[in-house]
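Chain and residue survey
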Amino acid sequence: MCGIVGLYLKDEALKPQLGRLLSDMLVTMSNRGPDSAGIAIYSDAPEGRAKITVQSDEADSAFGVLEHALNGKAHITRRDSHVVLEVAADDVALVRAEIEANHPAVRIMSSGETVEIYKEVGLPADVVDRFEVRQMSGSHGVGHTRMATESAVTTLGAHPFSTDEDQCLVHNGSLSNHNRLRQKLQQEGVKFETENDTEVGAAYFAEKMRKGASLDEALEAGITDLDGFYTFVCGTKGGFAVVRDPIACKPAVLAETDQYVAFGSEYRALVNLPGIKDARVWEPEPATVYSWGV
Amino acid sequence: MTEFDLTSATLREMNSSLQDATSGAYSIVNPRGAHAIACGLKSEIDVTIAGSTGYYCAGMNQLARVHVNGSVGPGAAENMMSGKLIVEGDASQYCGATAHGGTLVVKGNASSRCGISMKGVDIVVHGNIGHMSAFMAQSGNLLVCGDAGDALGDSLYEARLFVKGAVKSLGADCNEKEMRAEHLEIVANLLERGEVAGAKPEDFKRYGSARQLYNFNIDNVSAY
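Residues numbered from 1 in each chain as written. Chains lettered and ligands numbered in written order. Predicted model: local features only at pLDDT ≥ 70, side-chain atom pairs only at ≥ 80, totals over all residues.

Comments concerning the overall build of chain B
Helix and strand counts for chain B stand at two helices and 11 strands. When the helices and strands of chain B are listed from N to C terminus, the series reads β-α-β-β-β-β-β-β-β-β-β-α-β. What you see for chain B is a C-alpha radius of gyration of 18 Å, in line with the 17 Å of a compact globule of 224 residues. Along the three orthogonal principal directions, the C-alpha set of chain B runs to about 60 × 45 × 25 Å. Taking all 224 residues of chain B together, the buried fraction comes to 50%. Contacts in chain B between residues far apart in sequence, at least 24 positions, make up 22% of those at least 6 positions apart. (Helix = DSSP H or I, 4+ residues; strand = E, 2+ residues; numbered from the N terminus. Rg over C-alpha atoms; globule rule 2.2 N^0.38 Å. Buried ≥ 20, exposed ≤ 12 C-beta atoms within 10 Å, placed from the backbone. Contact = placed C-beta atoms within 7 Å.)

Topic: the interface of chain A and chain B
Think of interface size as the accessible area that goes away when the parts come together; that is how it is often given. At the interface, nine residues of chain A touch 13 residues of chain B. Looking at the side of chain A that touches chain B residue by residue, the class counts come to six nonpolar, no polar and three charged. (Nonpolar A, V, L, I, M, F, W, Y, C, P; charged D, E, K, R; others polar.)

Considering the sheet that holds strand S10 (residues 228-235) of chain A
Residue and element names in this part refer to chain A. Reading across the sheet, the four strands line up as S9-S10-S11-S15 and stay open at both edges, with antiparallel pairing between neighbours. In this open sheet, the two strands that pair with only one neighbour each are strand S9 (168-175) and strand S15 (290-292). Taken over all neighbouring pairs, the strand axes of this sheet differ in orientation by 5 degrees on average, direction set aside. Running over the sheet, helix H6 (residues 197-210) touches S9 and S10 and is turned about 130 degrees from S9. (Pairing = 2+ DSSP bridges. Axes fitted to C-alpha atoms, helices over the stretch in contact; angles between N-to-C directions.)

Things to note about the sheet that holds strand S6 (residues 106-112) of chain A
All names here are of chain A. Across the sheet, which stays open at both edges, the four strands sit in the order S4-S5-S3-S6 with antiparallel pairing between neighbours. This sheet does not close on itself; its edge strands, each paired only once, are strand S4 (75-79) and S6. Adjacent strand axes in the sheet meet at a mean angle of 20 degrees when their direction is disregarded. Here strand S3 (residues 49-56) pairs with strand S5 (residues 82-88) via seven bridges, running antiparallel. Paired with Arg49 across the bridge in S5 is Ala88. Contacts from helix H2 (residues 59-70) reach S3, S4, S5 and S6, with the element oriented near 145 degrees to S3.

A short note on the packing of helix H5 (residues 178-187) of chain A against H6(A)
The relative placement of two packed helices comes down to the angle between their axes together with the axis-to-axis distance. Residue and element names in this part refer to chain A. At a minimum axis distance of 10 Å, the contact between H5 and H6 shows a crossing angle of 45 degrees. In this view, H5 runs oblique relative to H6, as classed from their interaxial angle. Between H5 and H6 lies a crossing whose hand is left-handed. Counting all contacts with H5, which are made through His178, Leu181, Arg182 and Leu185, the residues of H6 involved are Asp197, Val200, Ala203, Tyr204 and Glu207. Grouping the constituent residues of the contact of H5 with H6 by class yields five nonpolar, one polar and three charged. (Parallel < 35°, antiparallel > 145°, perpendicular 65-115°, else oblique. Left-handed = near helix turned anticlockwise from the far one by under 90°.)

Details of the environment of Gly70(B)
All names here are of chain B. With respect to the element layout, Gly70 can be found in the loop between strand S4 (65-68) and strand S5 (84-87). The exposure class assigned to Gly70 is buried, which follows from the 20 C-beta atoms found within 10 Å. Distance in space between the C-alpha atoms of Gly70 and Pro31 is 9.8 Å, their sequence separation being 39 residues. Excluding residues that lie within four positions of it along the chain, Gly70 makes contacts with Ile49, Gly51, Ser52, Thr53, Glu88 and Gly89.

Considering the pairing of strand S9 (residues 160-163) of chain B
Residues and elements named next belong to chain B. Burial of S9 is two-sided: the residues Arg160 and Phe162 facing one way and the residues Leu161 and Val163 facing the other way are all buried. As judged from the four bridges shared by strand S8 (residues 139-144) and S9, these two strands associate in the parallel manner. Residue pairing across strands places Leu142 opposite Leu161, the latter belonging to S9. In this sheet, strand S11 (residues 205-209) lies alongside S9 in antiparallel orientation, the contact comprising three bridges. Along S11, the bridge assignment pairs Leu161 with Tyr207.

Quick word on the packing of H2(A) against helix H3 (residues 92-102) of chain A
Residues and elements named next belong to chain A. Packing of H2 against H3 brings their axes to within 11 Å, and their N-to-C directions diverge by 135 degrees. As far as their axial angle goes, H3 and H2 are oblique. Here H2 runs over H3; the crossing is right-handed. Across from Leu66, Ala69 and Leu70 in H2, the residues of H3 making contact are Val95, Glu98, Ile99 and Asn102. Grouping the amino acids of the contact of H2 with H3 by side-chain chemistry returns five nonpolar, one polar and one charged.

As for the nonpolar core
Ranked by size, the top nonpolar core spans 81 residues in total, and within it Val5(A), Leu7(A), Met25(A), Leu26(A), Ala241(A) and Leu270(A) carry the most contacts. In terms of domain composition, this core takes at least three residues from each of domain 1 (3-44 + 123-292) and domain 2 (46-113) of chain A. Ignoring any residue separated from it by four or fewer positions in sequence, one finds Ala241(A) in contact with Leu215(A), Asp216(A), Leu219(A), Cys234(A), Val289(A), Tyr290(A), Ser291(A) and Val294(A). Among the nonpolar cores identified, the runner-up in size contains 68 residues, and Leu85(B), Val105(B), Ile123(B) and Ala151(B) belong to it. (Core = buried A, V, L, I, M, F, W, Y, C linked by C-beta atoms within 7 Å. Domains from an automatic or database assignment.)

Section: the domain arrangement of chain A
All names here are of chain A. One can read the domain layout of chain A as domain 1 (3-44 + 123-292) and domain 2 (46-113). In this assembly, 11 residues from domain 1 lie in contact with 10 residues from domain 2. Counted by class, the side of domain 1 that touches domain 2 contains three nonpolar, two polar and six charged residues.

Points about helix H7 (residues 215-225) of chain A
Residue and element names in this part refer to chain A. The set of residues buried in H7 consists of Leu215, Ala218, Leu219 and Gly222. The arc that holds every buried residue of H7, seen down its axis, measures 95 degrees, which confines them to one face. Buried residues along H7 sit against H6, S10, strand S11 (240-244) and S15. (Arc of directions from axis to C-beta.)

Listed below in structure tokens is the structure:
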């Protein structure tokens, strides 16, 4: 199974409520997957700044050492096992290199001008509480609750996956050609953190976009190149997209009003959204890319 | 009319009451996309659902008339034996799957696998149906006033398929057949029971089994 939710706001007035709305949607989907949960929230960093979200199982010690090593380069906001490092945009590569070289207990969840990713093993209700997601504001976000099939139940195996700046992907389904595709991407220099199929999907889309494809074009190409079952929801700095495989076994419901676009694995996830009774609600067609803000 | 409000009543209490009921009219408010609403009903009761439902609405229905003023999630009227489900909105995948009898009316669109393995139900869809509909359908009638998606009637047995609009592609062993007087009569009856206005029996084309998969063809032995 797995449960996916997504919310893309058109009405700026709803921004302060993004975290609360998305949390409620995700908690409603809890019984589609009890293993782990995660959320990606997009909110602008101040001009010229970027955000790196990192996680550690030894948060108390590891984050102290990291803060010391960064020596004032980052403005640090801690949320449970994660911290967001707000750094000068020009320092992102430097800080990433420092973490990767000298802080083995710290894992990078995401980096970019807008995205923050929080994910852990556990139920959605616990995960959103631990990271105080309800208090977060932003322009768009996606959430995922996992029933693991393709790889271990770990923090890194939880969704969303982010394999490039401001990109994230959540997935309901399973890919069957991910091993071959991972090898191919590795030969092109792409690095992988897990054995997970969805990470391969995220890396595939990121690689397409690095080579100049738009989000829509990358997802279109995936319909040909990715074999297996999937309903994907993908976020970028300003964009939000949904695509289902041609067989379309994995459920998906979209709703749109003047204020937002919302995605849920089931209609249940959408019932508390403002104005849902008058929203246009539909099931996305198989092998068809839907996108906003790209 | 007895009302169940799913913000206060539990799904199990409500379904249990409806399963025990032998007559009367019931309304369900605030369904909020819940699964298995009005499943396993056994009597000639009338149930109205004010809003959209989740998986398996009116599954295994016998005799009851269920009316949804909204859309239904996957597997609506799955394994229905008799009675009627009317959906004012859209139906998600595999509505009417394996249903043995009764009538399923979808006034919007039905998505993929509509009527998969149907075994005697009559299904009327006012809009379009998705891919792989009526896959391995054995008996009953599927009437579609809009278009049908890919692979309609793949590996079909003896169900009758009537489509007014375009069929994107036919599945293996499904072909178009002549509309005879008896079929026009069946379609007229389905249009009436399905509350379809503005369509005539002559507007529909009939599709059915080419009956080439019923027996093994020795010429295909090299394929195995």
